[in-house]
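Results of the structural survey
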Amino acid sequence: MESGHHWPGALAHRGFRRLSLALLLSSFGDWLGFLATTALAAQLVDGFEGQSFAIGAVLAFRLLPGVVLAPLVGVVADRFDRRVTMVVCDLLRFGLFLSMPLVGTLTWLLVASALVEVLSLIWIPAKEASVPHLAKEQLESANQISLFATYGTAPLAAVVFGVLGVLKVRTHESAANIGLFVDAGTFLFAAVQVARIREIPSHSESVSAGATPSVVQSVREGLRFARSSRLVRGLLVGMLGALAATGVVVGNGKTFSDTVLNGGEGAFALLFGSVFVGIALGVALGPRLVRDVSRRRVLGPAIVGAGLSLVFMSAVPVLALVVVATLLLGSCAGLAYVTGLTLLGAEVEDALRGRTFGLVNTLMRLALLLSLTVAPGLAGLVGIHRWGRFDVNGASVTLLLGGLLAVFVGGLSYRTMNDRPGIPLRSDLVRVLLRRRVRGPLHPGLFVVFEGGEGAGKSTQVSRLAHLLESTGLEVVVTREPGATEVGAKIRTMLLDPATTLSVRTEALLYAADRAQHVATVVRPALERGAVVISDRYVDSSLAYQGAGRALSLDEVAQLSRWATEGLRPDVTLLLDIDPEVGLARATGSPDRIEQESLAFHRAVRQGFLDLASAEPTRYLVVSAVQTPDEVHAAIAARVLPLAPAQRLERV
Ligand code: TYD
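A short tour of the structure in this document, coming up. (Residues numbered from 1 in each chain as written. Predicted model: local features only at pLDDT ≥ 70, side-chain atom pairs only at ≥ 80, totals over all residues. Heavy atoms only, no water.)

**Things to note about the site of the ligand**
In plain terms, the rule: Whether a residue is near a molecule or strand is decided by its heavy atoms; if any one of them lies within 4 Å of it, the residue is near. Contacts described as polar in this section are N or O atom pairs within 3.5 Å, which, within protein, must combine one atom able to donate a hydrogen with one able to accept it, while residues neighboring in sequence count only if both atoms come from side chains. Residue burial considers only the protein chains on display, and all accessible areas are found by Shrake-Rupley using a 1.4 Å probe. Secondary structure counts use DSSP, requiring at least four H or I residues in a row for a helix and at least two E residues in a row for a strand, with both numbered from the N terminus. As a working rule, the residues Ala, Val, Leu, Ile, Met, Phe, Trp, Tyr, Cys and Pro are called nonpolar, Asp, Glu, Lys and Arg charged, and the rest polar, with Gly in that last group.
Taken together, 15 residues lie around the ligand, and Arg492, Tyr511, Arg515, Arg537 and Ser542 are the ones closest in. The side chain of arginine 515 places a nitrogen or oxygen atom 2.8 Å from an oxygen atom of the ligand. Surface burial for the ligand is 89%, taken as the share of its 540 Å² of free accessible area covered by protein chains. Taken together, the elements giving at least two residues each to the shell around the ligand come down to α17 (486-496), α18 (504-529) and α19 (539-549). For the shell around the ligand, the leading source of residues is α19, giving 4 residues. By residue class, the composition of the shell around the ligand is 5 nonpolar, 3 polar and 7 charged.

**As for the pattern of salt bridges**
Spelled out, the test is: Any carboxyl oxygen of Asp or Glu within 4 Å of a side-chain nitrogen of Lys or Arg constitutes a salt bridge here.
Counting across every chain of the model gives 14 salt bridges. Between glutamate 581 and arginine 603 there is a salt bridge whose closest N-O contact spans 3.1 Å. You can see glutamate 581 sitting in helix α21 (residues 580-586) and its partner arginine 603 sitting in helix α22 (residues 599-615), a full 22 residues away along the chain. Bridged by salt links that share partners, the residues Glu507, Arg550, Arg593 and Glu597 form one connected network.

**Some details on unusual backbone geometry**
For the record, the criterion: Burial here depends on accessible area, computed with a 1.4 Å probe over protein chains only, as a share of the maximum for the residue type. Under 20% is buried, over 50% is exposed, and the range in between is partly exposed.
Omega for the peptide link from glutamate 481 to proline 482 comes to -5°, which places this bond in the cis form. Positionally, proline 482 belongs in the loop between β4 (476-480) and α17. Its identity as a non-glycine residue notwithstanding, arginine 537 has a phi of 80°, on the positive side. Its place among the elements puts arginine 537 in the loop between β5 (532-536) and α19. Judged by relative accessible area, which is 12%, arginine 537 ranks as buried. Within the chain, alanine 551 stands out as a residue other than glycine whose phi angle is a positive 60°. Residue alanine 551 is classed as exposed on the basis of its relative accessible area, which comes to 64%.

**Examining the sheet that holds strand β6 (residues 572-577)**
Note the cut-off: Paired strands, in this sense, are two strands between which DSSP finds at least two bridges. Axes here refer to lines fitted to C-alpha atoms; in helices the fit is confined to the stretch in contact. Angles between the N-to-C directions go from 0 to 180 degrees.
The sheet built from 5 strands is open, its strands ordered β4-β5-β3-β6-β7 with parallel pairing. In this open sheet, the two strands that pair with only one neighbour each are β4 and β7 (620-624). When strand polarity is set aside, the average angle formed by the axes of neighbouring strands in this sheet is 20°. Of the strand pairs in this sheet, β6 and β7 are connected by 5 bridges, and their pairing is parallel.

**Looking at the packing of helix α3 (residues 82-103) against helix α6 (residues 175-195)**
We count it as follows: Here roughly perpendicular refers to angles of 65 to 115 degrees, roughly parallel to angles under 35, roughly antiparallel to angles over 145, and oblique to all remaining angles. A crossing counts as left-handed when the near helix is turned anticlockwise from the far one by less than a right angle, and as right-handed when that turn is clockwise. Residues are treated as being in contact if the distance between any of their heavy atoms lies within 4.5 Å.
Two elements in contact, α3 and α6, have axes separated by 8 Å at closest approach and are oriented at 165°. Taken as axis vectors, α3 and α6 run roughly antiparallel relative to one another. As α3 runs across α6, the sense of the crossing is left-handed. In this structure, α3 contributes Arg83, Met86, Val87, Asp90, Leu91, Arg93, Phe94, Phe97, Leu98, Met100, Pro101 and Leu102 to the contact, and α6 contributes Asn177, Leu180, Phe181, Asp183, Ala184, Gly185, Phe187, Leu188, Ala190, Ala191, Val194 and Ala195. When its residues are assigned to classes, the contact of α3 with α6 shows 18 nonpolar, 2 polar and 4 charged.

**Considerations on helix α23 (residues 629-640)**
Under the convention used in this document: Given the number of residues in a helix, its expected span is that number minus one, multiplied by 1.5 Å. Note that the arc is defined by the directions from the helix axis to the C-beta atoms.
In this model, α23 (12 residues) spans 16 Å end to end at C-alpha, consistent with the 16 Å of a helix rising 1.5 Å per residue. All of the buried residues along α23 are Val632, His633, Ile636, Ala637, Arg639 and Val640. Each buried residue of α23 lies within a common arc of 165° when the element is viewed along its axis, so the set occupies one face. In this fold, the buried residues of α23 make contact with β3 (446-452), α16 (458-471), β6 and β7.

**Structural notes on the nonpolar core**
Keep this limit in mind: We call a set of buried residues a nonpolar core when its members are Ala, Val, Leu, Ile, Met, Phe, Trp, Tyr or Cys and they connect through side-chain atoms within 4.5 Å of each other.
Of all hydrophobic cores here, the largest spans 52 residues; its most connected members are Leu147, Leu235, Phe256, Leu310, Met313, Tyr337 and Met364. No other element matches the 13 residues that helix α12 (residues 319-347) contributes to this core. Residues contacting leucine 310, with those up to four places away along its chain left out, are Ala245, Val249, Leu329, Leu399, Gly402 and Gly403. Ranked by size, the runner-up nonpolar core spans 51 residues in total, among them Leu23, Leu139, Ala142 and Ile178.

**Some remarks on empty space enclosed by the protein**
Basically, it comes down to this: Computed over the protein atoms alone on a 1 Å grid, cavities are sets of points where a 1.4 Å probe fits but cannot get out and pockets are open sets with protein on both sides within 12 Å along at least five of seven lines; a residue lines them when it has an atom within 4 Å of a point. Grid points are joined across faces, edges and corners, and a volume is the space filled by probe spheres set on the points.
This structure, assessed with the given rule, holds 5 cavities of 30 Å³ or more. Within this model, the largest cavity holds a volume of roughly 110 Å³. In terms of lining, the largest cavity is formed by 14 residues, of which the most central are Gly452, Gly453, Glu454, Ile578 and Arg606. Listing elements by their share of the lining of the largest cavity, those giving two or more residues are β6, α21 and α22. Classifying every residue of the lining of the largest cavity gives 8 nonpolar, 3 polar and 3 charged.

**Let's talk about the side chain of histidine 633**
You can see histidine 633 is positioned in helix α23. Its relative accessible area of 13% is what places histidine 633 among the buried residues. For histidine 633, the residues in contact, after removing those within four places along its chain, are Gln461, Arg464, Leu465 and Leu468.

Here it is, written out as structure tokens:
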């Protein structure tokens, strides 16, 4: 065991701690560098117009690499040793920041800014792709910490830069120059930190396994993947929307404070601070608040929330209320980022992760920079007019437009990602609200469910897990669906007899009837005693077989099961995933009524399970069943043991 016993969440892993420190430093450096390069640009030229141009040029040079290199950068993270990639990027950024004040010309500043941006674009996907290796079991916690380090350092950098501005009077060295030196230092330090992380594998698994694809091929694959996957598309759209909403407030905040709130610098500082405090709150508390609600269904509503906050700000320009709305906006955006990153980390396979994160990250930076520059421009274009009895103010109009856009984008993202809605969103919302009053689990036991297609080896794994848990002194109840009760056994005969033909709805009702009896007489009593219940199949089998397989409405099947079980949900679901062709070939004996179904049916079932798993990454563990039984067992044990009731009670 590691010494970092007292660290919370993902920080318990030493490698992840080092990576986080490196990220904290380089993010701080990035923000400070952003402020300092803008200031230095203004310092290098004379006159208002020239200065505006210089600042604009620096922004454009930071924007440009993103546009050109978006799909390329992640490939580096997938193809090269990630640790070396990060160290080299940090060392180069150290050199570049050092060179800016030393060379001291606008041209070099522009070129160096663009280079720094390129290096940041390479560093970040390499980092993101490494995180799942360093903190596999605590991906959500890891993403919370990463986001904290990335955005939490922005206000700090603003304060430090302000203090440097004051110091300048004493030392004659300009704030911009000191800022750049400090900045260079943070990158040097980050390089040292990353170099010490030995836990990062040198290559992604598939690359080291041979068959190294060409760069062009990799890029094309990454883009095709993004285009083909509804999930990734919905994620991209959603996260961009959330970022743009924040960017609109930050970019527009100054004019809005001055001309609408009449609050000047103080009001702007308050708004700026509230955005980041809000983001921090959303990142830290959001996931706990939404708990087991499918992460796919959280992203869209969070962005709609951010959009509505913007609309509210533009409609009710009262400082106190605007601050509250800004906090809300930040929280929604924070929740959206952490949700999006978690989904990506959990669902994208390792070989593609660098590319996907690269794409996401590049587009995110682009959206931020764009909204930061476009929003004030738009406000300036609209200007301030009297229109009949109304005052039209560009800053308010921009907030309103940004808000409406975010509401639209949130809705779009929700529709894209929630392609087969299982349960209406309304009931999730109600559950979230009720959860706040009901603390902790409703029973002291642990409910473990195995799911998967035919021939995935569930029964072997069920009994191995049961033995393992029993050996730790726990009471374990092994059970299955359909047919674990006396009534259930009769229902099972009706269901699986190859001679009967059942209507699709009859079939669904019979499985539900078996389940109702099972939960009422076996599962619930055992859980209430504090036992571990391991069930071979449960509700999700109905969603996959009757829903996805028989094409009944998932919504209706889910409702039926919820009614039958009075809403009892598993604590963890282990999906043994296998290609049905392989699985069916493994099955012995004469096929039952379900096993007789077509391959297409079994393929739909498999996809149904995978969709359910990706919709609830925190509840599901997907294990490839083509591994050896020992490997499958090890993965399952690692996931289930930490949840065993003794530890569970300690946590509550
Ligand atoms: P069974 O013989 O219990 O075992 P296995 O799980 O190893 O196949 O088969 C039960 C069958 O019933 C299986 O093909 C899946 C199907 N099934 C449903 O269609 N819906 C459900 O809700 C459940 C629990 C099972």
